[in-house]
There are 2 protein chains.
Amino acid sequence: MYTEPTTFSAEAYFASQPPPPTLQHDIERVREFAKRQVQEGRKVVLVTSGGTTVPLELNVVRFLDNFSAGTRGATSAEYFLKAGYAVIFMHRQFSLQPFSRHYSHSTNPFLDFLDIEPSKDGNTPVISVTPSKRSDLLEVLTMYKDVHNAGTLHTLTFVTVDDYLWLLRAVSQELSVLGRKAMFYLAAAVSDFFLPRQRMSEHKIQSGKGRLSIEMDQVPKILKPLVDEWTKDGYIVSFKLETDDNLLLPKAKAALKRYGHQVVIGNDLHRRKYEVVFVSPKSPSSNTSSSSTTDQSDDQFEEYWLRIPIPDTSGNVSPHQVKEIEEDIVAELLKRHSAWIDQAKTTS
Amino acid sequence: MYTEPTTFSAEAYFASQPPPPTLQHDIERVREFAKRQVQEGRKVVLVTSGGTTVPLELNVVRFLDNFSAGTRGATSAEYFLKAGYAVIFMHRQFSLQPFSRHYSHSTNPFLDFLDIEPSKDGNTPVISVTPSKRSDLLEVLTMYKDVHNAGTLHTLTFVTVDDYLWLLRAVSQELSVLGRKAMFYLAAAVSDFFLPRQRMSEHKIQSGKGRLSIEMDQVPKILKPLVDEWTKDGYIVSFKLETDDNLLLPKAKAALKRYGHQVVIGNDLHRRKYEVVFVSPKSPSSNTSSSSTTDQSDDQFEEYWLRIPIPDTSGNVSPHQVKEIEEDIVAELLKRHSAWIDQAKTTS
């Protein structure tokens, strides 16, 4: 008989919630990918991206979701690829993806920049790219094809928070073969709450019976086992999104204290495209205490604010000329990740 | 002071929940569009498509959603356009759209069928369409351009159930100038529940405080005022999606009894791409009672099942060769809509 825990530890969670049916297949592909990157000497980053769903029914019609188009993850993945990293892009189905993100069906639909040229010899008409769009598209397409030829991008898809948690555990375990050369860039907007399968309605919840009451459990804090067990050497970057500015730094620091990982990138919902803050334990050189101390006070953290000018969205600027904050976020992380790898060499 | 009703009538709903900021602008565009179609003698269909969200916070991070990629609506809109209708396509942001739906970024990404041909004369390389993809793309692109040149497609976007309800009311009122020439094809998956703005949390709901409890109110039954007040002559097609087969026909009939509109298209979540049922009041010729009788018993309705063979998804068939059930749904509705228009002529 199933007895529901009062709160779910990661262990209780995985023992009671079923894995996605494609998990074994997905793990094997990741294993091959990781092995090849080890052989070829590349650094690897797992980028998670997009929101997770929490279905309310087994035959799911309704679900709770987290706001995220996947811009942060898809954009960052591109800059990691440009920098020579291999990328495992683990994203919510239908969220933005590297490269194709430039041509969203709603803001920049690709059908709009294709022209039909009448055939000259009576044969089929020819499709061509509108002249003004050619150079931008050529740049994106060239990168896209280079990455595919090099085999440095591996894409995984999730929908529910269950899919996400099972995949994250499996992928992080597979990436441990990379040691410190693995980075975790956890940009997905993961639900804090879930509905245990055992409490789900089988069929669509019927209306017409008054109010709908939903009671959800907390998702286990997955960073703890990620840091302590699944990947002991990986460089871990988590994200904290808030709408109340006063909570951003305290919550980022609380996460570092609790999980003991490397960086929290804090961002405010409304300013996230122009401003983020890196919160991390003070480096050993600037601080006498070890970064693994668990009772850090607030002054044992350093804050690094990263800002870009608010872009001109008047429409007069080509999207490719707009500076993206992810370019600077990734550049900063490349330095930190290198230092993290070097640090292991000097101490070993 | 705001006093919350125990259940929301449509009137109480619109009196207490604020309209979307773009409503006035959207209405004016629809008014111009409707006026042009009247002048040009076209029939007009409003196609609603995709799911609606129910935000849990004013600064929204979390929301309830309804499962829908927007396939039914986007596909049907294309067939209505092919048949010469003008289409107002009112869809959930980022859901599928007519034409571009053939090139989803996940299943058939357009970057995959563009080739880079090295320049012959030392200038910029040329982008061309992969030969095997040319004929399908040419067909879609030709239709897309024809529709844009004819000005027969008008697109509106919603996100929340509030946006949807305000837009539906406004658009249906504007379409009343078309009389019986307006059809309403309500394929959007609209939430049955909502959280009144007055009960929303301002900021992101914090985790770490145990379980999350959400209590939601019923969305007012909007078909009632749509049929009775907003559009007295429009031909109204609503949809009923269930996961429990036993509920499909009873719920479809209950909706017709309650609202007195023309057709409910019932579909089962798992078979919706191959099987639907049209439920409608028996036509006057086959039934002595008037179709406006409100105490209809079950035998006063007729069912018309529409099925297509389950398509071959082995991947050996071009997506354009696969039969889509929406083609038959729209063909059936064209006949019924014509009869509905003719019926007014004979009785007037």
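Scroll up to find the structure this text is about.
Analysis parameters
Residues numbered from 1 in each chain as written. Chains lettered and ligands numbered in written order. Predicted model: local features only at pLDDT ≥ 70, side-chain atom pairs only at ≥ 80, totals over all residues. Heavy atoms only, no water. Helix = DSSP H or I, 4+ residues; strand = E, 2+ residues; numbered from the N terminus. Contact = heavy atoms within 4.5 Å. Polar contact = N/O pair within 3.5 Å; in protein donor to acceptor, adjacent residues only side chain to side chain. Pairing = 2+ DSSP bridges. Axes fitted to C-alpha atoms, helices over the stretch in contact; angles between N-to-C directions. Least-squares fit on C-alpha atoms with pLDDT ≥ 70 in both. Buried < 20%, exposed > 50% of the residue type's maximum accessible area, 1.4 Å probe, protein only. Right-handed = clockwise from strand over helix to strand, strands pointing away. Salt bridge = Lys/Arg side-chain N within 4 Å of Asp/Glu carboxyl O. Parallel < 35°, antiparallel > 145°, perpendicular 65-115°, else oblique. Left-handed = near helix turned anticlockwise from the far one by under 90°. Nonpolar A, V, L, I, M, F, W, Y, C, P; charged D, E, K, R; others polar. Core = buried A, V, L, I, M, F, W, Y, C linked by side-chain atoms within 4.5 Å. Domains from an automatic or database assignment.

Residues and elements named next belong to chain B. Summarising the element assignment, Arg 42 is placed in the loop between α2 (23–40) and β1 (44–49). In sequence terms Arg 42 and Leu 178 are 136 residues apart; their C-alpha atoms lie 9.1 Å from each other. Aside from chain neighbours lying at most four places away, what touches Arg 42 is Gln 37, Gly 84, Tyr 85, Ala 86, Ala 150, Thr 152, Leu 178 and Lys 181. Among the polar contacts listed, one links the side chain of Arg 42 to the side chain of Gln 37, at a separation of 2.6 Å.

A few words now on the sheet that holds strand β4 (residues 86–92) of chain A. Residues and elements named next belong to chain A. Spatial strand order, β7-β4-β1-β8-β11-β12-β13-β14: eight strands in an open sheet with mixed pairing. Since the sheet does not close on itself, it has two edges, and those belong to β7 (153–158) and β14 (301–307), each with one partner. Direction aside, neighbouring strands of the sheet carry axes that sit 15° apart on average. This element, helix α6 (residues 223–230), spans β8 (182–186) and β11 (235–242) of the sheet and lies at about 175° to β11.

A few words now on the relation of the copies chain B and chain A. Mapping chain B onto chain A is achieved by rotating through 180° and translating by 0.0 Å along the same axis, at an RMSD of 0.0 Å. Taken together, the rotation angle and the small translation identify this as a two-fold axis. Within chain B, the C-alpha atom positioned nearest to the axis of rotation is that of Leu 64 of chain B, 2.1 Å from it. Of the interface residues in chain B, 100% have counterparts in chain A that sit at the interface too, so the contact is made through matching surfaces.

A few words now on the pairing of β11 of chain A. Looking along a regular strand, one sees the side chains alternate between the two faces of the sheet. All names here are of chain A. Most of β11 sits out of view: seven of its eight residues are buried. Pairing analysis gives four bridges linking β8 to β11, with the strands arranged parallel. Residue pairing for β11: Met 183 is matched across the bridge by Tyr 235. Where β11 lies against strand β12 (residues 263–268), six bridges are found, and the strand directions are parallel. Within β12, the position partnered with Glu 242 by the bridge is Asp 268. Read from β11 through helix α7 (residues 245–259) to β12, the crossover connection turns out right-handed.

On to the pattern of salt bridges, then. Residues and elements named next belong to chain B. Per the stated rule, a full pass over the model turns up 46 salt bridges over all chains. Across the pair Arg 31 and Glu 174 runs a salt bridge, and its minimum N-O distance is 2.9 Å. Here Arg 31 is found in helix α2, whereas its partner Glu 174 is found in helix α5 (residues 161–174), with 143 residues between them in sequence. Look at Glu 174 and you get buried, because its relative accessible area is 15%.

Moving on: the packing of helix α2 (residues 23–40) of chain A against helix α5 (residues 161–174) of chain A. Two quantities define a packed helix pair, namely the angle between the helix axes and the distance between the axes. Residue and element names in this part refer to chain A. The interhelical angle for the contact between α2 and α5, taken along N-to-C directions, is 30°, at an axis separation of 9 Å. On the basis of the axis angle, α2 is roughly parallel to α5. Note on packing geometry: the crossing formed by α2 with α5 is right-handed. When α2 is examined against α5, the residues Leu 23, Asp 26, Ile 27, Val 30, Arg 31 and Ala 34 are found in contact with a partner set consisting of Trp 166, Leu 167, Ala 170, Val 171 and Glu 174. A per-class count over the contact of α2 with α5 returns eight nonpolar, no polar and three charged.

Attention now goes to the nonpolar core. Core analysis: the largest hydrophobic core is formed by 113 residues, its most contacted members being Ile 88 and Leu 175 of chain A together with Ile 88 and Leu 175 of chain B. Formed jointly, this core draws a minimum of three residues from each of two domains, domain 1 (1–99 + 147–204 + 214–233) and domain 2 (244–348) of chain B. In contact with Leu 175 of chain B, other than residues within four places in its own chain, are Ala 34, Val 44, Leu 46, Ile 88, Ala 182 and Phe 184 of chain B. Leu 138, Tyr 235 and Leu 333 of chain A together with Ile 329 of chain B belong to the second largest nonpolar core, which has 86 residues in total.

Attention shifts here to the environment of Tyr 144 of chain A. Among the secondary structure elements, Tyr 144 of chain A is positioned in helix α4 (residues 134–150). Sequence-wise, Tyr 144 of chain A and Phe 99 of chain A are 45 residues apart; in three dimensions their C-alpha atoms are separated by 6.3 Å. Look past the residues within four positions of Tyr 144 of chain A in its chain and what remains in contact with it is Phe 99 of chain A together with Pro 109, Leu 111 and Asp 112 of chain B.

Treat this as a map of the structure, not an account of what it does.
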